[in-house]
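# Structure at a glance
What follows is each chain in one-letter form.
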Amino acid sequence: MTYKYFGAPDRATAARVPTALGPGGLGLEAGELGALGRLGDLMETSGSPTGHLSTKIKPETMSAMVLTGIQGVALHQVPPLELVVLHPDYAVVQLPHNVVEPLRKADETELGAAAFIWSTVPDRRGPRDAFVIYSMLHEWQDFANRLHEAGHQLYCLVWP
């Protein structure tokens with residue numbers, strides 16, 4: 001599975017992203033996004049030539065990292081993602097406001113603590129993974145802040 005995080009002003013616009021690009025455009029290249037107007041500009045991220053955040057991290061895991069690591073929420077209380085589109089070839093989900101806001105507002109200590117907590121799960125390798133997770137949380141935080149400043153919400157495009 002591939003997960004590409006992107007911003008859109010509303011659910012209707014987010015739902016149109018995959019169909020506007022067509023089956024060959026699910027790579028979400030920034031040039032193709034120009035056809036979507038301002039959305040193409042808002043998806044530009046520093047260090048990412050394709051204008052989005054692409055990762056192998058599931059949006060459910062991202063939500064759990066933020067809420068358990070930063071907010072101290074029990075894992076079983078992490079809310080489900082909000083499904084925007086379910087298609088045989090892809091899905092678009094919205095990350096809930098109660099996940100994005102704590103991420104946006106987290107300080108260095110909270111990001112570090114969340115990274116450390118998630119680096120201790122059984123399939124992780126300790127401090128090296130903690131640093132990678134910390135860097136990833138910082139990248140998500142920067143991206144979420146830019147989207148918020150533009151009046152956009154955080155979505156994730158999921159496809160095989």
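Report follows, based on the coordinates. Just so we're clear, the structure is a prediction, and the values are computed from it rather than from any experiment. (Residues numbered from 1 in each chain as written. Predicted model: local features only at pLDDT ≥ 70, side-chain atom pairs only at ≥ 80, totals over all residues. Heavy atoms only, no water.)

### Quick notes on the pattern of salt bridges
Inspection of every chain in the model, using the stated rule, returns three salt bridges. A salt bridge links Arg104 to Glu101; its shortest N-O distance comes to 2.6 Å. Residue Arg104 and its partner Glu101 are both found in helix H5 (residues 97-105); the two are separated by three residues, about one turn of the helix. Given the relative accessible area of 12%, Glu101 is considered buried. Residue Lys105 pairs with Glu101 through a salt bridge whose shortest N-O separation is 3.5 Å. Of this pair, Lys105 and Glu101 both sit in helix H5, four residues apart, roughly one helical turn. (Salt bridge = Lys/Arg side-chain N within 4 Å of Asp/Glu carboxyl O. Helix = DSSP H or I, 4+ residues; strand = E, 2+ residues; numbered from the N terminus. Buried < 20%, exposed > 50% of the residue type's maximum accessible area, 1.4 Å probe, protein only.)

### Focus on the packing of helix H4 (residues 59-69) against H5
It is at 9 Å that the axes of H4 and H5 come closest, and there the two elements cross at 55°. In terms of axis orientation, H4 runs oblique to H5. Our pair here, H4 against H5, has a crossing hand that is left-handed. In contact with Met62, Ser63, Val66 and Leu67 of H4, H5 contributes Asn98, Val99, Pro102 and Leu103. When grouped by side-chain class, the residues that make up the contact of H4 with H5 number six nonpolar, two polar and no charged. (Axes fitted to C-alpha atoms, helices over the stretch in contact; angles between N-to-C directions. Parallel < 35°, antiparallel > 145°, perpendicular 65-115°, else oblique. Left-handed = near helix turned anticlockwise from the far one by under 90°. Contact = heavy atoms within 4.5 Å. Nonpolar A, V, L, I, M, F, W, Y, C, P; charged D, E, K, R; others polar.)

### As for the pairing of strand E3 (residues 82-86)
One ladder, built from four bridges, connects E3 with strand E4 (residues 91-94); its direction is antiparallel. Of the residues in E4, the one forming a bridge with Leu86 is Ala91. Turn length for the E3-E4 hairpin, with the two strands adjacent in sequence and antiparallel, is four residues. (Pairing = 2+ DSSP bridges.)

### So, the pairing of strand E1 (residues 2-8)
Across the seven residues that make up E1, a large majority, seven, are buried. Here E1 shows two buried faces, one formed by Thr2, Lys4, Phe6 and Ala8 and the other by Tyr3, Tyr5 and Gly7. As defined by bridge partners, E1 adjoins strand E5 (residues 153-159) across seven bridges and the pair is classed as antiparallel. Following the sheet pairing, Lys4 is matched in E5 by Leu157.

### Here's the deal with the packing of aromatic side chains
A full pass over the atoms with the stated rule returns two aromatic pairs. Geometrically, the ring pair formed by Tyr5 and Trp140 is edge-to-face, given 5.5 Å between the ring centres and 65° between the ring planes. A residue pair is termed long-range when its members are at least 10 positions apart, and Tyr5 in strand E1 and Trp140 in helix H7 (residues 127-149) qualify at 135 residues. Overall, Tyr5 belongs to the buried group, its relative accessible area being 0%. Note on Phe6 and Tyr155: the rings are 5.8 Å apart at their centroids and 25° apart in plane angle, and the pair reads as stacked. (Phe/Tyr/Trp six-rings, centres within 6.5 Å; stacked < 30°, edge-to-face > 60°.)

### Details of the environment of Glu108
The residue Glu108 is located in helix H6 (residues 108-119) in this model. Judged by its relative accessible area of 44%, Glu108 falls in the partly exposed class. Separated by 30 residues in the primary sequence, Glu108 and His138 place their C-alpha atoms 8.8 Å from one another. Sequence-distant contacts of Glu108, defined by excluding residues within four places in its chain, comprise Tyr134 and His138.

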